[in-house]
Structure formats: C-alpha cells, structure tokens
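# Descriptive analysis of the structure
Okay, here's what each chain looks like letter by letter:
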Amino acid sequence: MRLGLFLIGVVFFIFLACREDEPSAEEKINSQLGKDTIAIDAYLQSKGIVALRGNSGIRYVIHEKSSSTVSPQFYSNMPGDCFVASYKGHVVAVDTVFDKGDNFETSLSGNIINGWKVGFQLLDVGDSATIYIPSVLAYGEAGSGKAIPPNSNLFFHVRLKEVFKQELNPSNNTYRCYYD
C-alpha cells in the first residue's frame, strides 16, 4: 500500500515538473511578440522608415493626415464602430502583396485580425497610413493559406474612408452596420 502511494506521488511530481517546463500560451505569445517586434523594427530600419509605436507592438506611419478627428472606437455598451477602408496587404519577410481591397466594409467587432482592430483606432477618417502588424496580432502560428506563412509579420497600406456607429436592428435585437 505504501509503495503504491509512493509511486502515485512520484508520478504526480514528475507530471508537475514536466508541466512547469512547458511555457503557457501567454508566455508563447509574449515570446513571439518579442521576436516579431525585433523583426519589424529591423525591417523598418533596413528601409529607412521612421514609424510611430502603437499599442501591442503595432508600428505605423501616417502618410497623409486629414483634418478629421473621427476614428473607429470600441464602446462599453455596444459593439465597435463600423468603417470603410481601402488597403493593400504585404508579408514583411518577402515584401509581397497578398491581398488588396477598395471600399472594404467591416467593424472593429467584425471578423478581422486583431492588428486591424488596434491599428484602425489610431487613424482618423481620411488618413492614409502604413500599419506594421506583429504576427501575434495577425494570423499567428497558423498563418493563412499559402500566401501568409506561420508567424508572418504583415504591413498594410491603408486609407480610412468612413466610420459609422453600429445601430440596433429592432426586428431581431442585434447590432449591425448601416452604410449609406
């Protein structure tokens, strides 16, 4: 009986020791963010680009600043604002275009990468900018198809065209974007 309890205890401590050696999901993300930030900063330096530092590792350059003070925002009592933008997306490591769009309509609460949710809040309507996004705020270790390999840092040339508040649809009590 004592030998059985002893073996159970040994197995339990071995299990705990193994678990402590494995980094948590948060530690993995923070480690990757550190690598991403170093890579983006090296890319910017190699191109002679001076970028502003945003939240969460975002870097950005404003090319044209508008006189507007309207930017998409999140609100505590409703979903984030909707917006319309044009964009051209690049993979930093290979500097290739993987996607582009004009008059792309979405919301901060929509199915977009977290880098856009952070980056577009830094812009006002009419601004033209380049947003440099760490992989952890893009497609992460999964990547996206053949065009975006795992852990790819991205940059987007963007223009924020319009911002709309989401409105409650009374027929089904859900929020949605209403564009003119």
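Our subject is the structure that appears above.
Given the structure is predicted, the values throughout are model-derived calculations rather than measurements.

For the structure on display, the rule yields one disulfide. Between the sulfur atoms of Cys 82 and its disulfide partner Cys 177 the distance amounts to 1.5 Å. The disulfide joining Cys 82 to Cys 177 has a torsion of about -85 degrees about its S-S bond and is therefore left-handed. One end of the pair, Cys 82, is in strand S3 (residues 82–91); the other, Cys 177, is in strand S8 (residues 174–177), with 95 residues separating them in the sequence. What makes Cys 82 buried here is its relative accessible area of 0%.

All right, on to the pairing of strand S5 (residues 128–133) then. Where burial is concerned, most of S5 is hidden: six out of the six residues are buried. Neither face of S5 is open: one carries Ser 128, Thr 130 and Tyr 132, the other Ala 129, Ile 131 and Ile 133, and all of them are buried. In this structure, strand S2 (residues 59–64) lies alongside S5, joined through five bridges in antiparallel fashion. From the neighbouring strand, Tyr 60 faces S5, where its bridge partner is Ile 131. Pairing of S5 with strand S6 (residues 154–164), which is carried by six bridges, proceeds in the antiparallel orientation. Across the sheet, Tyr 132 pairs through a bridge with Phe 155, a residue of S6.

A few words on the pairing of S3. Burial runs high along S3: nine of the 10 residues are buried. Inspection of the sheet shows S3 paired to strand S4 (residues 96–107) by nine bridges, in the antiparallel sense. Looking across to S4, one finds that Tyr 87 is bridged to Gly 101. Taking the residues between adjacent antiparallel strands as the criterion, S3 and S4 are bridged by four residues, where Asp 95 takes a positive phi near 55 degrees. The pairing of S3 with S6 spans 10 bridges and is antiparallel. Residue pairing across strands places Ser 86 opposite Arg 159, the latter belonging to S6.

To continue, consider the nonpolar core. Ranked by size, the top nonpolar core spans 23 residues in total, and within it Phe 83, Trp 116, Phe 120, Ile 133, Phe 156 and Val 158 carry the most contacts. Breaking this core down by element, the ones donating at least two residues are S3, S5 and S6. Once residues lying within four places of it in the same chain are set aside, the contact partners of Ile 133 are Ile 40, Ile 58, Ile 113, Gly 115, Trp 116, Ala 138, Asn 153, Leu 154 and Phe 156. Ile 40, Tyr 43, Leu 44 and Phe 155 belong to the second-largest nonpolar core, a separate cluster that totals seven residues.

Our next topic: the packing of aromatic side chains. For any pair of aromatic rings, the description rests on two quantities: the centre-to-centre distance and the angle between the ring planes. Under the criterion given, the structure shown has 11 aromatic pairs. Here Phe 98 and Phe 156 contribute two aromatic rings whose centre-to-centre distance is 5.7 Å and whose plane-to-plane angle is 85 degrees, an arrangement assigned as edge-to-face. Remark: Phe 156 occurs in strand S6 and Phe 98 occurs in strand S4; sequence separation between them is 58 residues. Taking the relative accessible area as the measure of exposure, Phe 156 reaches 4% and is therefore buried. Here the aromatic cluster, defined as three or more aromatic residues joined through ring pairs, consists of Phe 83, Tyr 87, Phe 98, Phe 104, Trp 116, Phe 120 and Phe 156.

Conventions used here
Residues numbered from 1 in each chain as written. Predicted model: local features only at pLDDT ≥ 70, side-chain atom pairs only at ≥ 80, totals over all residues. Heavy atoms only, no water. Disulfide = S-S within 2.5 Å. Helix = DSSP H or I, 4+ residues; strand = E, 2+ residues; numbered from the N terminus. Buried < 20%, exposed > 50% of the residue type's maximum accessible area, 1.4 Å probe, protein only. Pairing = 2+ DSSP bridges. Core = buried A, V, L, I, M, F, W, Y, C linked by side-chain atoms within 4.5 Å. Contact = heavy atoms within 4.5 Å. Phe/Tyr/Trp six-rings, centres within 6.5 Å; stacked < 30°, edge-to-face > 60°.

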